[in-house]
Amino acid sequence: ETFADPKLFLQGKKLVILSTKYNNTDYGYRYWFNRQTKTVVVVYDISDVKNLRIDRYYETDGNVSESRMIGKYLYILSNSSFSFPYEVYYGPMAKGSVQTLDEAKFNTDFVGSTIQPQKIEGKLLSYNLTKKDNATCSDIEYVLPDNETMKKFDFTPSLVTLSIIDTEDATKETKTKVLFGDVNQIHMSLGNLYITSNLSTSYDFRCGPGMFCAMPYYYQGQNTLIHKIALKGDTTSYVASTIIPGSPLNQYSMDEDSTTGNFRIVTSHFYPNQSSQLFVLDPKLQVL
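The structure displayed is predicted, hence computed values, not measured ones.

## Details of the nonpolar core
Grouped together as the largest cluster of nonpolar side chains are 14 residues, with contacts concentrated most on Tyr75, Leu77, Leu193 and Ile195. Within the residue set of this core, elements represented by two or more residues are β6 (73-81), β12 (158-166), β14 (186-188), β15 (192-205) and β16 (218-232). Dropping the residues within four chain positions of it, Tyr75 is found in contact with Glu66, Ser67, Arg68, Ile70, Leu162, Ser163, Ile164, Met188, Leu231 and Gly233.

## Notes on the packing of aromatic side chains
Aromatic rings considered in pairs are described by the distance between their centres and by the relative angle of their planes. Per the counting criterion, the structure on display carries 1 aromatic pair. Measuring from centroid to centroid gives 4.0 Å for Tyr194 and Phe263, while their planes differ by 10°, and the two rings are stacked. Taken together, the residues span a long stretch of sequence, with Tyr194 in strand β15 and Phe263 in strand β19 (residues 263-269) at a distance of 69 residues. On the accessibility criterion, Phe263 (0% relative accessible area) is buried.

## Brief notes about the side chain of Thr167
Residue placement: Thr167 occurs in the loop between β12 and β13 (175-180). Here Lys72 takes part through its backbone oxygen, which lies 2.7 Å from a polar atom of the side chain of Thr167. What Thr167 contacts, discounting residues up to four positions off in sequence, is Lys14, Val16, Val43, Met69, Lys72 and Leu74.

## Considering the confidence of the model for the protein
Any region with low pLDDT has predicted coordinates that should not be read closely. Summary statistics for the protein give a mean pLDDT of 79 and a share of 74% for residues scoring 70 or more. Taking the mean pLDDT of every element in the protein, the minimum, 35, falls on strand β7 (residues 107-114) and the maximum, 97, on strand β18 (residues 254-256). The model gives residues 92-117 a pLDDT under 50, and that stretch makes 83 contacts with residues more than four places away or in other chains.

## Structural notes on the pattern of salt bridges
Evaluation of the coordinates by the stated rule reveals 13 salt bridges. Between Lys172 and Asp234 there is a salt bridge, with its nearest N and O atoms 3.3 Å apart. Within this pair, whereas Lys172 is found in the loop between β12 and β13, its partner Asp234 is found in the loop between β16 and β17 (235-245), the two being separated by 62 residues in sequence. Among the ionic pairs, Asp255 bridges to Arg264, the shortest N-O distance being 2.6 Å. Salt bridges linked by common partners bring Lys72, Asp166, Lys172, Lys175 and Asp234 together as one network.

## Things to note about unusual backbone geometry
One non-glycine residue, Asp5, lies in positive phi territory at about 50°. Among the secondary structure elements, Asp5 is positioned in strand β1 (residues 2-11). You will see that Leu285, though not glycine, has its phi angle at about 65°, which is positive. Overall, the relative accessible area of 1% leaves Leu285 in the buried class.

Reading guide: rules and limits
- Residues numbered from 1 in each chain as written.
- Predicted model: local features only at pLDDT ≥ 70, side-chain atom pairs only at ≥ 80, totals over all residues.
- Heavy atoms only, no water.
- Core = buried A, V, L, I, M, F, W, Y, C linked by side-chain atoms within 4.5 Å.
- Buried < 20%, exposed > 50% of the residue type's maximum accessible area, 1.4 Å probe, protein only.
- Helix = DSSP H or I, 4+ residues; strand = E, 2+ residues; numbered from the N terminus.
- Contact = heavy atoms within 4.5 Å.
- Phe/Tyr/Trp six-rings, centres within 6.5 Å; stacked < 30°, edge-to-face > 60°.
- Polar contact = N/O pair within 3.5 Å; in protein donor to acceptor, adjacent residues only side chain to side chain.
- pLDDT = per-residue confidence, 0-100.
- Salt bridge = Lys/Arg side-chain N within 4 Å of Asp/Glu carboxyl O.

Below is the structure:
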């Protein structure tokens, strides 16, 4: 197993380390996402640096996309991309492919019911461990636009898990929300989480004169799907979604006005013309 791109948060007497855990073995043809890729979070109590104590070990499916911390609450977005077999994604089975999302259950390990204490370096250490599903198919929030709108765009299907951990209370259950979509960049204010996803538009087929085209190639126009989720501690509620042209460069392309609640985002696109735009959206994500 390998741990990639670790991140650290220090809050009071708590040290949080989170990372993506994976291995290079084949996860099998029958799985549509890699269950061997995990988001791992370890919370240490560092009150006494000579006697560190692990308060919590948390693990969920998918790689770490983004993370933020507000006060004692840690917010983590984990992404599980689908790897559909060719004949399912493009072939005659494609029309029924959504039904197979019933197979997508996410396992989470965190503090809970007691099992046997363990000895480490001669010291008896007790710990609690539970395992449960983050969500079943009926719990997943489908926040994409309607079918007619989505016919105009191409997108990468995946599942996003939002995990909210109370780093001060090791006995408190981790709250989770599972969304159908993907994560490009995010912006987080004290009260809202904005998740952006890539949507592309295919333009005319291109193949130069006299060239042999082994595969079709299309110009891609970039668009951004924005979701707004209200946050209060470990409580979340969906607010709105919208689509705008172009794509943001990074997290610094976005902000929220604390007075008006308006959201500002700068996007760029390179086809058919190269340009950048500034959009100002109201609290319901309507373009002002």
